Number of protein chains: 2
Amino acid sequence: MFDSRHLRVLREVARTGSYSAAARELGYTQPAISQQMRALERAAGTPLVVRVGRRMRLTEAGEVLNRHAATILSALASAEEEVAAIAGLRAGRVRVIAFPSGSSTLVPAAIAKVTRRHPGLRVEFAEAEPPESVERLREGDCDIALAFSYDGDDPDQDAEGAVADLAAVPLCADRLYAVLPAGHRLARRRRIRLADLAGERWIAGCPRCRGHLVQACAAVGFTPAITFSTDDVAVVQGLVAADLGVALLPGLALDSVHHSGVVARPVEPPSVRRITAYTLPDLAAVRSIAVTLDSLREVAAELPSRA
Amino acid sequence: MFDSRHLRVLREVARTGSYSAAARELGYTQPAISQQMRALERAAGTPLVVRVGRRMRLTEAGEVLNRHAATILSALASAEEEVAAIAGLRAGRVRVIAFPSGSSTLVPAAIAKVTRRHPGLRVEFAEAEPPESVERLREGDCDIALAFSYDGDDPDQDAEGAVADLAAVPLCADRLYAVLPAGHRLARRRRIRLADLAGERWIAGCPRCRGHLVQACAAVGFTPAITFSTDDVAVVQGLVAADLGVALLPGLALDSVHHSGVVARPVEPPSVRRITAYTLPDLAAVRSIAVTLDSLREVAAELPSRA
DNA sequence: AAATTTTACGAATGACGTAAGTATA
DNA sequence: TATACTTACGTCATTCGTAAAATTT
């Protein structure tokens, strides 16, 4: 296997017809060129240059190798350039997966920020709910997974959402609001005690997503009567506005869609979900991914609805 | 500039998803692979692999570089193969320039011998008279120049035809014959004294080629009366057969064309020309050229007409 | 005599393997 | 516990530059 540096030397020797000229051109000393050519000839198993008078001329094998060297060196140059573009954030792709209510606020703002700073970066995006998004991160389907969790949700994450084998970037705490019809008897209160909603009909997420609601209600002594089940925040609010029940929604969801016929009030005891961005530990060292995480963190810090 | 060995390691790591598997595959130890990958990442300026669980997966930059590596490595492999073919005499071209009377006997036989032994070699051939053929050798127009010379012809060659800055392979001594019409008064003698031909009309080569004849005659005390001038041996013999003169021809020329109406007899004092193959000193180390020189030497040794 | 290549040699750098340490399933 | 990657370190090979010799115009 030929050394690419040797091929570059060969090309320069072929072009200039002289070792010393090639040395000057490439920033070596003469003897270095001489030695590199000898090494190349040893590797080739045949002379590559002949000395005629005081200039150097390529043999047939030298000419052949020089032709290939052109191909090889240009492929190497374009590889170098493309990799450098990725390392220098002039190109590259970052794949983000987020849960739906993060998608409409946090993620678009972060993507906008990243691409404003680094126009060559392409940030791809897909939606998935927390357990699935982290799975897909582990499987290599994405680079960053946005997930949310409630305290005590998952035993192997700590207070900041860190998981053993993933790098976690805590973004923000997303407060939960009681969502009531505008004309509800408690609508004028600034805060609403969850226990006061014990007798209401509830609109909740799908069975997999309603865990926190059920748990929070249980903590204050009741089981919510869930009469509608939907993960669509617009639908939830439509149902509430029609006086068909009440709901518990996170601030981010209310930022993205806020029906005029409903009011949202912080609940007591206060309840929050932690929003965390995850990536693989090694991927955090990839600059394009790091800057995307930075932008997510910045956008989250500027959110109005954080707790 | 990336090291091609590193690229091969990257390819193997990408294929197997494991450093140890790549190490087994390439005949290295694990740590060697680990270090090569680190060196490659340092050169790339960005991580190329991520460790997920116990397997290694390529990053975007890794994938990009791996794609280029395929191109580069295949170009390297074909360069290696083509150069090895030349070094191994399975391919290659040897350019020979010879004087005309060498062309019809020595050279064809040598070419046949070379290509029988090494069917992949292509021996090219062109004609030129001695002073020109050596010039073209120095200019890189050919690899081997066949030339002849007479003693004392050229002060900077020694008894074997060696010239200071060229590699010389003495091939054979080519005896000169007096060529007479079959009915000539001296035709029955076994040897002919040049002095006995002092009164004849002579057929000689072109002014540039007749030097030796004039000199040899002068040495025995006469100046030949040159009435016809041609470098074509067939024409020379035709003229002799028509009793228009006598000539002095080398054995090789008579081997190629022998008119039935003439007789050829060694002259006294004996006169020979030395036939020598020249090449550039460095080119003698090129195997295809060396084997061609060998074949020329062998063919010359088998010639019937050597002195 | 000026320029170029080769040879010789010493210093710095780099690469590989062994062995021990850390992490994963 | 077995497999795989990383780190540490000693050794060996390679590479480069300086200096001197040989060669060419």
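Summarised in this report is the structure supplied together with it. The structure displayed is predicted, hence computed values, not measured ones. (Residues numbered from 1 in each chain as written. Chains lettered and ligands numbered in written order. Predicted model: local features only at pLDDT ≥ 70, side-chain atom pairs only at ≥ 80, totals over all residues. Heavy atoms only, no water.)

### Focus: the overall build of chain A
The test is simple: Helix and strand definitions here come from DSSP, where helices need a minimum of 4 consecutive H or I residues and strands a minimum of 2 consecutive E residues; each element is numbered from the N-terminal end. As defined in this context, the radius of gyration uses C-alpha atoms, and a globule is described by 2.2 Å times the residue total to the power 0.38. Any two residues whose heavy atoms approach within 4.5 Å are treated as being in contact. His is not counted, nor are the chain ends; Lys and Arg add positive charge and Asp and Glu add negative charge. Just so you know, the charge point we use is NZ for Lys, CZ for Arg, CG for Asp and CD for Glu.
When its secondary structure is counted, chain A shows 11 helices and 12 strands. Over its C-alpha trace chain A gives a radius of gyration of 31 Å, far above what one expects of a compact globule, namely 19 Å for 307 residues. Over its C-alpha atoms, taken along the principal directions, chain A stretches across nearly 105 × 35 × 25 Å. Put simply, of all contacts in chain A between residues at least 6 apart along the chain, 70% involve residues at least 24 apart. Here chain A contributes 37 positive and 36 negative side-chain charges, whose respective centroids are spaced 8 Å apart.

### Remarks on the protein's contact with DNA strand C
Using the following cut-off: Note on terminology: near, applied to a residue and a molecule or strand, indicates that one of the residue's heavy atoms is within 4 Å of it. Side-chain atoms alone can form a polar contact between residues adjacent in sequence; in general such a contact is a pair of N or O atoms within 3.5 Å, and within protein one must be able to donate a hydrogen while the other accepts it. Charged means Asp, Glu, Lys or Arg here, nonpolar means Ala, Val, Leu, Ile, Met, Phe, Trp, Tyr, Cys or Pro, and polar covers whatever is left, Gly included.
Surrounding DNA strand C, one finds 19 residues, the nearest of these being Tyr19, Ser20, Gln30 and Arg38 of chain A together with Arg54 of chain B. Within 4 Å of the protein, the contacting atoms of DNA strand C are 68% sugar and phosphate, with bases supplying the remainder. Between DNA strand C and tyrosine 19 of chain A there is a distance of 2.5 Å, counted from a phosphate oxygen to a backbone nitrogen or oxygen. Between DNA strand C and serine 20 of chain A, the relevant distance is 2.5 Å, taken from a phosphate oxygen to a side-chain nitrogen or oxygen of the residue. Breaking the surface near DNA strand C down by element, the ones donating at least two residues are helix H2 (19-26) and helix H3 (30-44) of chain A together with helix H3 (30-44) of chain B. Residue composition of the surface near DNA strand C, by class: 6 nonpolar, 8 polar and 5 charged.

### Here's the deal with the relation of the copies chain A and chain B
Under the convention used in this document: Copy-to-copy superposition: least squares on the C-alpha atoms, limited to residues that have pLDDT of at least 70 in both copies.
When chain A is fitted onto chain B, the two copies agree to an RMSD of 0.2 Å after a turn of 180° and an axial shift of 0.0 Å. On this basis, the relationship between the two copies can be described by a two-fold rotation axis. No C-alpha of chain A approaches the rotation axis more nearly than that of isoleucine 72 of chain A, which lies at 2.8 Å. Mapped onto chain B, 100% of the interface residues of chain A again fall at the interface, so both copies present the same surface.

### Description of unusual backbone geometry
Short version of the rule: Only protein chains enter the accessibility calculation, which uses a 1.4 Å probe; a residue whose area is less than 20% of its type maximum is buried, one above 50% is exposed, and one in between is partly exposed.
Here the amide bond leading from glutamate 268 of chain A into proline 269 of chain A is cis, since omega sits at -5°, within 30 degrees of zero. Assignment of secondary structure puts proline 269 of chain A in the loop between strand E11 (262-268) and strand E12 (272-279). Even without being glycine, leucine 89 of chain A reaches a positive phi, approximately 65°. If you trace the backbone, leucine 89 of chain A turns up in the loop between helix H4 (60-87) and strand E3 (93-98). Residue classification places leucine 89 of chain A among the buried residues on the basis of a relative accessible area of 3%. Phi at aspartate 243 of chain B takes a positive value of approximately 65°, unusual for a residue other than glycine.

### A short note on helix H4 (residues 60-87) of chain B
Filter applied, for reference: In this scheme, a helix's expected span is set at 1.5 Å multiplied by one less than its residue total.
With 28 residues, H4 of chain B ought to run about 40 Å at 1.5 Å a step, and its terminal C-alpha atoms sit 40 Å apart, in line with that. Within two residues after H4 of chain B, leucine 89 of chain B carries a phi angle of roughly 65°, on the positive side.

### Describing the protein's contact with DNA strand D
Contacts to DNA strand D come from 19 residues, most closely from Arg54 of chain A together with Tyr19, Ser20, Ser34 and Arg38 of chain B. Each atom of DNA strand D within 4 Å of the protein was assigned to sugar, phosphate or base; sugar and phosphate come to 70%. The separation between a base oxygen of DNA strand D and a polar side-chain atom of arginine 54 of chain A is 2.6 Å.

### Let's talk about the pairing of strand E10 (residues 246-250) of chain B
All names here are of chain B. The condition is simple: Following DSSP output, two strands are said to pair if at least two bridges run between them.
E10 sits mainly inside the fold: 5 of its 5 residues count as buried. Residues Val246, Leu248 and Pro250 of E10 are buried on one face, and the alternating residues Ala247 and Leu249, pointing to the opposite face, are buried as well. Pairing analysis gives 4 bridges linking strand E6 (residues 167-181) to E10, with the strands arranged antiparallel. Paired with alanine 178 across the strands is leucine 248, a residue of E10. In this structure, strand E8 (residues 201-204) lies alongside E10, joined through 2 bridges in parallel fashion. Counted as the bridge partner of tryptophan 202 is valine 246 from E10.

Remember that the coordinates give geometry; whether it matters functionally is a separate question.
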